[in-house]
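Structure at a glance
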Amino acid sequence: MSATAAPRVIPRRKRTPAERVKSLVWHVALLAVLVVVLYPAFWVLTASVKENSDILTNISPIPTSITWDNFTAAFDGMAGVPLWRFFWNSFVIAALSVVGIVVSCSITAYALGRLEFPGRKAMFAVVIATLLLPGQVMLIPQYLIFSEMDVVNTIFPLVIGKFLGLDAFFVFMYVQFLRGIPRELDQAATIDGAGHFRIFFSIMLPLLRPAIVTSSIFTFIWSWNDFMGPLIYLHEIEKFPLPRLLQSYNNTEGVSNYGGMMAMTLLSLIPVVLFFLVFQKFLIKGIATSGVKG
Amino acid sequence: MSASPSTTAPPAAGEAGAPTAREKRGAAKRRTPPARRGERLVGYTFMTPWIIGSLVFTVGPMLWSLYLSFTDYHLVLGGEWIGLANYTAMFDDPMFGRAVKVTLLYVLLAVPLKLIASLAVAMLLTQSRRGIGFYRAAFYMPSLIAMSVGIAIVWKVLFAQGGPQDQIMSWFGWDGGGFIGNPDVSILMLVLLSIWTFGAPMVIFMAGLLQVPDELHEAAEVDGASKWHRFVHITIPMLSPVIFFNVLMETVHAFQLFGPAFIIGGTAGGPAWSTLFYTVRIYALAFVDLRMGYASAWAWMLVLAVGVVTLIMFRAAKNLVYYAGEDNR
């Protein structure tokens, strides 16, 4: 592991002119790619302060004139429900999802990765199978079950799976992580008289911290962006999270008010981008070791 | 809480002395010492939420949807057993052909293009340069926001008639208008959106590239191998497990694209069904038309298709993927 962390450290020395040129070419090439890649992001950033007519016709990120009306329209929300309400809805779902994932995945993965009991291998096989299984196949019966339980139009269907460890991806990630922890640790603790619960809480949970942080960040971001769940289960506008709001707004007021639409879009992306900026070091390390998809 | 195994564990492992984990497992198969029974109890206790959840929300629903796929169940009207009629009806359904065509086209375009872009940039970003962390983060960022509804809406504006894409392309003499209204090219919007998220596989490629021992490249360089030769004969084989992982995950996910396709094309996959993704059609059948039996048959066809593709990939990987440090049988 540590061998891969810093394998290519160049010792500090004077660089030759040829190296300088090479380095310059490298930077120019990457910056050029970067400009293209980040163009849509910059574009939305400034589109939010452009006049409506300017948005469609002016392809430059620099606005011809600046207006803050778009943000006024965005903060008004939709159908009399203010924007903060949708932020709050999104936040509640994301926070519950994070708590659910951390609690359920850590106990499920501890059992699957560190304990021995009949049926363990079969259960782990089910986890692996659901990893590649298209979720659409369970969508319809799940909907029927939730409507039988009378919880459609609540956030229950959106978060319950996370509390039951059904997110195969994170269970798998935690198991892989736990398997990397030396067996001697629990054996030593066992000899000292610690039971499995003690070992779980005092040894495994603290050591799982990197996995917990990575999974929390991704759960938050994925839940913040999730659209299909809210589309199927939430029908009252007061309960909409942001993606659902954006979609409805896009179909109604957004048709005439591009600016408001862009301002709302920008505001909805801010938490994800902020999250990313704060945790980016951790995130990219986490993906490289666990293979998370963005 | 659980049975204290400090005194019982060593004798339980048998005559072999200090028990290693593997010996313990072997011993557990023969008899069940008290410590094992404790472990069992804890194991099942910890697994309880997952077991309940799987039965109620994954394994159960899978079997149920398999059953539904043999009925003409309608959310309001109900339904009854019709055997294979849904599956035969699919092949007469013009929408099925359209959805399959759109989805396959997307998979075949988006997956290779995205992976080539991500490998290329990953190779640039595994050199030791100043500001490398900034570039890595900047290239990764689109992956986090691209699948959001917000970006799909931005895409609609970027590719609108007279919008940025239309104007930029007209500089090069292309007067086809915005991609969004043009059924011949509208799928490219989604392909481009997918390529835009190349940062996610890129980071995985970077991790793989950093594992390739420098000595291999140095030795080949001494022997006079060109850059291209080293890429084909060292980088690609050494990277093949990572390539396999990325191809597999990207393909499986590409088959299931929903959000952006739904926002850009609507439930009808407009214009002229050119963005009618398979999952969008499943959604429309199940939750707009409420024909849940028929939609279940569609969903099972997707499972079969993804299953077959995955299987072929694993088969192919046996010959194509090189695992360093293992004898490749």
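Cut-offs applied
- Residues numbered from 1 in each chain as written.
- Chains lettered and ligands numbered in written order.
- Predicted model: local features only at pLDDT ≥ 70, side-chain atom pairs only at ≥ 80, totals over all residues.
- Helix = DSSP H or I, 4+ residues; strand = E, 2+ residues; numbered from the N terminus.
- Buried ≥ 20, exposed ≤ 12 C-beta atoms within 10 Å, placed from the backbone.
- Contact = placed C-beta atoms within 7 Å.
- Nonpolar A, V, L, I, M, F, W, Y, C, P; charged D, E, K, R; others polar.
- Axes fitted to C-alpha atoms, helices over the stretch in contact; angles between N-to-C directions.
- Parallel < 35°, antiparallel > 145°, perpendicular 65-115°, else oblique.
- pLDDT = per-residue confidence, 0-100.
- Expected span 1.5 Å × (residues − 1).
- Bend = angle between axes of the 7 residues up to and from the residue.

**A word on the overall build of chain A**
Along the backbone of chain A there are 15 helices and zero strands. Relative to its full complement of 294 residues, chain A shows a buried share of 41%. Relative to all contacts within chain A whose residues are 6 or more apart in sequence, the contacts with residues 24 or more apart total 72%.

**Looking at the interface of chain B and chain A**
Every contact between the two is made by 91 residues of chain B and, on the other side, 80 residues of chain A. Residue contributions to the side of chain B that touches chain A peak at 21 residues, all from helix H3 (residues 34-68) of chain B. Taken together, the residues of the side of chain B that touches chain A break down into 60 nonpolar, 26 polar and five charged.

**Some details on the packing of helix H5 (residues 83-114) of chain A against helix H8 (residues 156-163) of chain A**
All names here are of chain A. Packing of H5 against H8 leaves a shortest axis separation of 7 Å and a crossing angle of 20°. Considering their axes alone, H5 and H8 lie roughly parallel with respect to each other. Contacts between H5 and H8 involve Ile-93, Leu-96, Ser-97, Gly-100, Ile-101 and Ser-104 from the first element and Leu-158, Val-159, Lys-162 and Phe-163 from the second. Taken together, the residues of the contact of H5 with H8 sort by class into six nonpolar, three polar and one charged.

**Topic: the confidence of the model for chain B**
Residue and element names in this part refer to chain B. With 87% of its residues at a pLDDT of at least 70, chain B reaches an overall mean of 85. Per-residue pLDDT stays below 50 along residues 1-29; that stretch engages in 41 contacts with residues further than four places along the chain or on separate chains. Listed scores for the predicted complex are pTM 0.86 and ipTM 0.86.

**Regarding the environment of Phe262(B)**
Residue and element names in this part refer to chain B. With respect to the helices and strands, Phe-262 occurs in helix H13 (residues 259-265). Judged by the 23 C-beta atoms lying within 10 Å of it, Phe-262 falls in the buried class. Taking the C-alpha atoms as reference points, Phe-262 and Met-90, 172 residues apart in sequence, are found 21 Å from one another.

**Description of the confidence of the model for chain A**
With 90% of its residues at a pLDDT of 70 or more, chain A has an overall mean of 85. Scored below 50 in pLDDT, residues 1-7 of chain A makes three contacts in the model with residues more than four places away or belonging to other chains.

**Observations concerning helix H2 (residues 17-47) of chain A**
All names here are of chain A. Its 31 residues give H2 an end-to-end C-alpha distance of 43 Å, which sits within 8% of 45 Å, the value for a rise of 1.5 Å per residue. Of all the bends in H2, the greatest, near 50°, is centred on Leu-38, and the proline Pro-40 appears no more than four residues after it. Looking only at H2, the buried set comprises Leu-30, Val-37, Pro-40, Trp-43, Val-44 and Ala-47.

**Comments concerning helix H7 (residues 136-148) of chain A**
Residues and elements named next belong to chain A. Along its 13 residues, H7 runs 19 Å from first to last C-alpha, staying within 8% of the 18 Å computed at 1.5 Å per residue. Every buried residue of H7 is listed here: Gln-136, Val-137, Met-138, Leu-139, Ile-140, Pro-141, Gln-142 and Phe-146. Two residues or fewer after H7 comes Asp-150, characterised by a positive phi angle close to 65°.

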